[in-house]
Amino acid sequence: FRRVLFRSLETGIFLDPSEYNDALATCHTNVRCLEEVHVTLQADMAADTDSVLAQDGLQQVSDMIVQWRHLQSIARSRLAQSQALSELYRNVCAIQQALLDAQTLVHETQSHKYDDMHQLEDALADLQKAKALLNSEKPLLQQSQELIDSLQLEHPTLNTDKCEPELRALCSGMHELLEDV
């Protein structure tokens, strides 16, 4: 699954949302400064109505403001995508770890020979822990599917097609292990 997420990064999306802080701050600062320049040019134009230079400058600054706002919008969109991908990645890692922990518990109980009833009771308690661990991860699976659905709706250019089969495989692995327990 990590491979799938890293492929998503090839589209320019970082898993760490803080990567977008500098871009957003730069866009915000540049828009604010350009708006101040725009106000100054408007004041100069009001004082000198024949100034073609001020009119040209005013239009150029207006165009730059529009471009920086567009870049700011893109950065906000990428930040939202990054936050969702980051959450999805954390969820999947948690689910994978829970599966691994549960598989270890199940394997240890299945491969061990029990000499007395106390050991068997301990093994049964371990299997119940494994089952509880797996059941506790079911909401995270659902949340992960909802994140993928949300990404598909809100950011259709982001390719999430390969995430769903990976999530289904985790879900299937969880169900199979629950049946073994």
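Above this text you will find the structure in question.
The notes below deal with the structure included here. (Residues numbered from 1 in each chain as written. Predicted model: local features only at pLDDT ≥ 70, side-chain atom pairs only at ≥ 80, totals over all residues. Heavy atoms only, no water.)

### So, the overall build of the protein chain
The helix and strand tally for the protein chain stands at five helices and zero strands. Listed N to C, the secondary structure of the protein chain is α-α-α-α-α in terms of helices and strands. Scaling as 2.2 N^0.38, a compact globule of 181 residues should have a C-alpha radius of gyration of about 16 Å, whereas the protein chain reaches 27 Å, well beyond that. Taken over the C-alpha atoms alone, the protein chain extends approximately 100 × 25 × 20 Å along its principal axes. Every one of the 181 residues in the protein chain was classed for burial, and the buried ones make up 32%. Once local pairs closer than 6 in sequence are excluded, the contacts in the protein chain between residues at least 24 apart make up 77%. Here the protein chain has roughly 11,300 Å² of accessible surface; of this, 53% comes from carbon and sulfur atoms. One finds the centroid of the 14 positive side-chain charges in the protein chain at a distance of 5 Å from the centroid of its 29 negative side-chain charges. (Helix = DSSP H or I, 4+ residues; strand = E, 2+ residues; numbered from the N terminus. Rg over C-alpha atoms; globule rule 2.2 N^0.38 Å. Buried < 20%, exposed > 50% of the residue type's maximum accessible area, 1.4 Å probe, protein only. Contact = heavy atoms within 4.5 Å. Areas by Shrake-Rupley, 256 points an atom, 1.4 Å probe, with all protein chains shown as cover. Lys, Arg positive; Asp, Glu negative; His and termini not counted. Charge placed at Lys NZ, Arg CZ, Asp CG, Glu CD.)

### Side note on the pattern of salt bridges
If you walk through the whole model with that rule in mind, you get two salt bridges. Across the pair Glu 35 and Arg 69 runs a salt bridge whose closest N-O atoms are separated by 2.1 Å. Of this pair, Glu 35 sits in helix H2 (residues 21–47) while Arg 69 sits in helix H3 (residues 52–111), and the two are 34 residues apart along the sequence. Its relative accessible area of 30% is what places Glu 35 among the partly exposed residues. Taking relative accessible area as the criterion, Arg 69 reaches 43% and is therefore assigned partly exposed. When the shortest N-O distance is used, the salt bridge between Lys 129 and Asp 126 registers 3.8 Å. Within this pair, Lys 129 and its partner Asp 126 are both found in helix H4 (residues 117–154), separated by three residues, close to a single helical turn. Exposure remark for Asp 126: the relative accessible area of 23% places this residue in the partly exposed category. (Salt bridge = Lys/Arg side-chain N within 4 Å of Asp/Glu carboxyl O.)

### Examining H4
For H4, spanning 38 residues, the distance from its first C-alpha to its last is 56 Å, which sits close to the expected 56 Å at 1.5 Å a residue. Remark: the principal bend of H4, roughly 25°, maps to Lys 138, with a proline, Pro 139, within the next four residues. Taken together, the buried positions of H4 are Ala 123, Ala 130, Leu 134, Glu 137, Leu 140, Leu 141, Ser 144, Leu 147, Ile 148 and Leu 151. The backbone nitrogen of His 118 lies 3.1 Å from a side-chain oxygen of the residue at the head of H4, namely Asp 116. (Expected span 1.5 Å × (residues − 1). Bend = angle between axes of the 7 residues up to and from the residue. Polar contact = N/O pair within 3.5 Å; in protein donor to acceptor, adjacent residues only side chain to side chain.)

### Topic: a negative patch on the surface
A cluster of acidic residues, Asp 115, Asp 116, Glu 121 and Asp 122, forms a negative patch on the protein surface. Here Asp 116 shows up in the loop between H3 and H4. Judged by its relative accessible area of 40%, Asp 116 is partly exposed. (Patch = residues over 30% accessible without salt bridge, like charges linked within 9 Å, V, L, I, M, F, W, Y side chains within 5 Å.)

### Let's talk about the environment of Ala 94
Relative to the helices and strands, Ala 94 is located in helix H3. For the pair Ala 94 and His 70, spaced 24 residues apart in sequence, the C-alpha to C-alpha distance is 36 Å. Other than its neighbours up to four places away in sequence, Ala 94 contacts Glu 137 and Leu 140.

### As for the nonpolar core
Of all hydrophobic cores here, the largest spans 29 residues; its most connected members are Ile 95, Leu 99, Leu 134, Leu 170 and Met 174. Only H3, H4 and helix H5 (163–180) provide two or more residues apiece to this core. With near-sequence residues (within four places) excluded, Met 174 lies in contact with Ile 95, Leu 99, Leu 134, Glu 137, Lys 138 and Leu 141. Grouped together as the second largest cluster of nonpolar side chains are five residues, Leu 34, Leu 41, Leu 58 and Ile 65 included. (Core = buried A, V, L, I, M, F, W, Y, C linked by side-chain atoms within 4.5 Å.)

### Some remarks on the side chain of Gln 81
Mapped onto the fold, Gln 81 is located in helix H3. Using a relative accessible area of 5% as the deciding quantity, one classes Gln 81 as buried. Once residues within four sequence positions are removed from consideration, Gln 81 is found in contact with Ile 13, Leu 151, His 155 and Leu 158.

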